[in-house]
Amino acid sequence: MELNDANLQTLTEFLRKTLDPDPTVRRPAEKFLESVEGNQNYPLLLLTLLEKSQDNVIRVCAAVTFKNYIKRNWRIVEDEPNKISDPDRTAVKANIVNLMLSSPEQIQKQLSDAISIIGREDFPQKWPDLLTEMVARFRSGDFHIINGVLRTAHSLFKRYRHEFKSNELWSEIKLVLDTFALPLTELFKATIELCQTHATDVNALKVLFSSLTLIAKLFYSLNFQDLPEFFEDNMETWMTNFHGLLTLDNKLLQTDDEEEAGLLELLKSQICDNAALYAQKYDEEFQPYLPRFVTAIWNLLVSTGQEVKYDLLVSNAIQFLASVCERPHYKHLFEDQNTLTSICEKVIVPNMEFRSADEEAFEDNSEEYIRRDLEGSDIDTRRRAACDLVRGLCKFFEGPVTAIFSGYVNSMLSEYAKNPRENWKHKDAAIYLVTSLASKAQTQKHGITQANELVNLTEFFVNHILPDLKSPNVNEFPVLKADAIKYVMIFRSQLPKEQLLQAVPLLITHLQAESTVEHTYAAHALERLFTMRGPNNATLITAAEMAPFTEQLLNNLFKALAFPGSAENEYIMKAIMRSFSLLQESIVPYIPTLIGQLTHKLLQVSKNPSKPHFNHYLFESLCLSVRITCKANPTTVSSFEEALFPVFTEILQNDVQEFLPYVFQVMSLLLEIHSNSIPASYMALFPHLLQPVLWERTGNIPPLVRLLQAYLEKGGETIARSAADKIVSILAAKMHNFLGSISNTYAKTESSNQFKSLLNSLTLCCRMFGMVLEKIVIPEVQKVSGPVEKKICAVGITKVLTECPAMMDTEYTKLWTPLLQALIGLFELPEDDSIPDDEHFIDIEDTPGYQTAFSQLAFAGKKEHDPIGDAVGNPKILLAQSLHKLSTACPGRVPSMLSTSLNAEALQFLQGYLQAATVQLV
């Protein structure tokens, strides 16, 4: 693509179309951009547009498109083509910093992110002048430019907060500190002086405090891995100024907005984070400064209001106290009974109260409320911070703290009992306080795993939780109902089984609640209960125990999807999946109705896939329906095909990229259920599966390999005769694990003629087979894990080595010894079997195949099947016998090849195989 006006105009038109809400306009435009992004000059055209276009919407769109293009393509993947030409890479790096610094803030942020993505790959080795170029801009005196540099540096350095320690990381941080630490410190001091100079200029203060917040974030990132010598030497400068900013109260920076945090709050929040970091990791060096920070942060907490805009500040301030009270060095600061009482009364209890803002979120923004409360993303909420402080105090003062808080809990419950309608928030706070007091250790998978022995959880459940669950009106006091459900969920490992069984039908009833939070919590609680393990590693709650509630459970789950706001509720769909998995054949009578509801839902969400987890659980539920029903009666597979194929056809025709890998997996599952023949409907589809465009998307490759494998298993002769050339062209281009799949199918002794026929086709077609062996099989085969998979690959490779004449008398001969060496390596490597044993307990995040491009369906997985069976007992013996047979046919050739090319260690292993098989090479 040339850098000319015509191409700029074309790009402008297509970018505009990508913003169109009509998918018939938007999708072709997106496909066009996808098709041209590999052309040289494409990124430079985008940068030109975002710099020179007169239309601000197009400028922003070009910036976002550029950032996403960089995100997808900048990383160079080994053995894959470079997606961005070297001249383009050089030109982008030469221009992007200047362009970012001269752009409006909205575009500046996108380019700043792009620089950090490039920096992650290229800095410092391939972009050594990036930092010096940025630091030089500090001297500009223009805070628009300075803030652009700071924002980019923050984007670049924040990964230091979560990177694992390594020599490479340490070297990079040292380089950054040598170049950046002093200029940053000087800028920090200069900016504080300017704040004093412009103390009455609100506009200047806004810009300067934005700078200070970014500087404070950079301080956190640069100090996270270890305490740098520079910052230790300059601690007085930093800590004195941080403390001054923490106690600053400039009326000009106060905002009227009760929701949005102002610049002063954001800066103080970050300073609390920085102080907590030093208190936790560098307590010895920080000790002289700690008392004044404790005093300042305590004063901040007791003087800050309940408005939402202060939430981040208050939670970070409480987290600072929590980090301090856990350290043995600072234990003496909290020992006094009056101090503990004061902390409880003035910090913990007020920040556990359910505010009107929380109530609004519960009712009107339930998705965000659930995300914060249920998924642990409420790390920045007052409640979570207060809970952490309770846990921290309990580390050294469990008895006194439990006694003090128990008094508050009883008082709150008494207030609730006097007037439940008016005082229900007291009970909510009491439940939260009990939860925080009782929780000593917790995981997402198992809930509370270690509890405070001074809190009687069972008694509290019976007296205060069960009555709310049993309340006949599920819509009354929805917050307390949600609290009660959450209590069961998080303490499920601590409560006795009989109480959990008592709760199950009550939870099923709460699926009918109108409150989104309430019925979502009910679904999530049931799903978690169904994954609990009992004796012998089986489920704690059995299908037999669920039998009386099966129909109501399934009805209520599907009805809950009809509530406003829950049409794509991932918790409900996950509960449906888990219920199917637990109940197994008990769901068969309901499948005719349920499959219709599931396919209707699939058709709806395929129009605009927006909830990846919901979609994943939906496909898992479809797989379970198929597996459970067809296990009892394989002939019912045709009914599923009738129900699913129309929807699958629409997904394929509309090229719904997010769903294609799922569709191929479900089709594989269906085809594998058939006896040894391929129905006509599948054969009609087969040519479409070999279209190169499908194989260009990495997410399609694993499920397409599986589907082709199913075709080969059911109609191998037909496929070998008619499609070997097409399969090979795909092999040469993309497929890294296809040969293993072919081996899987054709390694069977009775199929060896088909296997050799296909191998001959592969050999004759464009001489590509050598490339497949050299680039894919030999380097990749040692990554195969699992005893059956290893056996399949070993037998297949043995046949290639000993039954394929081309391996002995053509240009492929040079690959014979490396292939044998790779096979011996496969035998002798330690096994890595990472596949979970029992699918029922799998969470999608646990499965090895879960990634953004391809999500492996746990319930579409094939049962471990050994296609070779007893025909080959020990593949090492088979190799020895096959080599003996080959050497008999070609006397002298095999020993000669082994002695000249096979390394000594591999040769020693091979001698052991030959001795075990009692054969010799001739």
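Remember, predicted model here, so these are calculated numbers, not experimental data. (Residues numbered from 1 in each chain as written. Predicted model: local features only at pLDDT ≥ 70, side-chain atom pairs only at ≥ 80, totals over all residues. Heavy atoms only, no water.)

**Points about the packing of helix α42 (residues 816-828) against helix α43 (residues 875-889)**
Logical step 1: Two numbers describe how α42 lies on α43: the axes approach to 11 Å, and their chain directions differ by 160°. It follows that α42 is roughly antiparallel to α43 by the angle criterion. As for the relative orientation of α42 and α43, their crossing is left-handed in sense. Taken together, the residues of α43 that come into contact with α42 (itself represented by Trp816, Leu820, Leu823, Phe827 and Glu828) are Pro875, Lys876, Leu879, Leu883 and Leu886.
Logical step 2: Classifying every residue of the contact of α42 with α43 gives 8 nonpolar, no polar and 2 charged. (Axes fitted to C-alpha atoms, helices over the stretch in contact; angles between N-to-C directions. Helix = DSSP H or I, 4+ residues; strand = E, 2+ residues; numbered from the N terminus. Parallel < 35°, antiparallel > 145°, perpendicular 65-115°, else oblique. Left-handed = near helix turned anticlockwise from the far one by under 90°. Contact = heavy atoms within 4.5 Å. Nonpolar A, V, L, I, M, F, W, Y, C, P; charged D, E, K, R; others polar.)

**Details of the nonpolar core**
The tendency in soluble globular proteins is for nonpolar side chains to be buried as a group.
Logical step 1: Phe180 and Phe320 are the most contacted members of the largest nonpolar core, which has 259 residues in total.
Logical step 2: Sequence-distant contacts of phenylalanine 320, defined by excluding residues within four places in its chain, comprise Cys272, Ala275, Ala276, Ala279, Leu290, Phe293, Val294 and Ile297.
Logical step 3: Grouped together as the second largest cluster of nonpolar side chains are 41 residues, Ile778, Leu801, Leu826 and Leu910 included. (Core = buried A, V, L, I, M, F, W, Y, C linked by side-chain atoms within 4.5 Å. Buried < 20%, exposed > 50% of the residue type's maximum accessible area, 1.4 Å probe, protein only.)

**Some remarks on the confidence of the model for the chain**
Low pLDDT marks regions whose predicted coordinates should not be analysed in detail.
Logical step 1: Per-residue pLDDT for the chain averages 87, and the proportion of residues at 70 or more is 90%.
Logical step 2: Counted against residues more than four places away or in other chains, residues 735-759, with its pLDDT under 50, gives 59 contacts.
Logical step 3: Across residues 831-837 the pLDDT falls below 50, and counting only partners more than four positions away or on other chains, this stretch makes 11 contacts in the model. (pLDDT = per-residue confidence, 0-100.)

**Considerations on the environment of lysine 251**
Logical step 1: Note on placement: lysine 251 falls in the loop between α12 (235-246) and α13 (263-281).
Logical step 2: Look at lysine 251 and you get exposed, because its relative accessible area is 60%.

**Comments concerning the pattern of salt bridges**
If the charged atoms of two oppositely charged side chains come close together, the side chains can form a pair.
Logical step 1: Applying the stated rule across the entire model yields 33 salt bridges.
Logical step 2: Its salt-bridge partner being lysine 497, residue glutamate 545 comes within 2.9 Å of it at the nearest N-O pair. Taken together, the residues glutamate 545 in helix α26 (residues 543-546) and lysine 497 in helix α24 (residues 497-510) connect sequence positions 48 residues apart.
Logical step 3: For glutamate 545, a relative accessible area of 28% gives the class partly exposed.
Logical step 4: Overlapping salt bridges bring together Asp311, Arg355, Asp358 and Arg382 as one network. (Salt bridge = Lys/Arg side-chain N within 4 Å of Asp/Glu carboxyl O.)

**Some points on the packing of helix α1 (residues 5-17) against helix α3 (residues 42-52)**
Logical step 1: Viewed as axis vectors pointing N to C, α1 and α3 meet at an angle of 80°, and their least axial separation amounts to 10 Å. Of the possible angle classes, the one that applies to α1 and α3 is roughly perpendicular. Across from Asn7, Leu8, Leu11, Thr12 and Leu15 in α1, the residues of α3 making contact are Tyr42, Leu45, Leu46, Thr48 and Leu49.
Logical step 2: Classifying every residue of the contact of α1 with α3 gives 7 nonpolar, 3 polar and no charged.

**Description of helix α9 (residues 167-197)**
Logical step 1: In this model, α9 (31 residues) spans 44 Å end to end at C-alpha, consistent with the 45 Å of a helix rising 1.5 Å per residue.
Logical step 2: At phenylalanine 180, α9 shows its maximal bend, which comes to roughly 40°, and the proline proline 183 appears one to four places after that position. (Expected span 1.5 Å × (residues − 1). Bend = angle between axes of the 7 residues up to and from the residue.)

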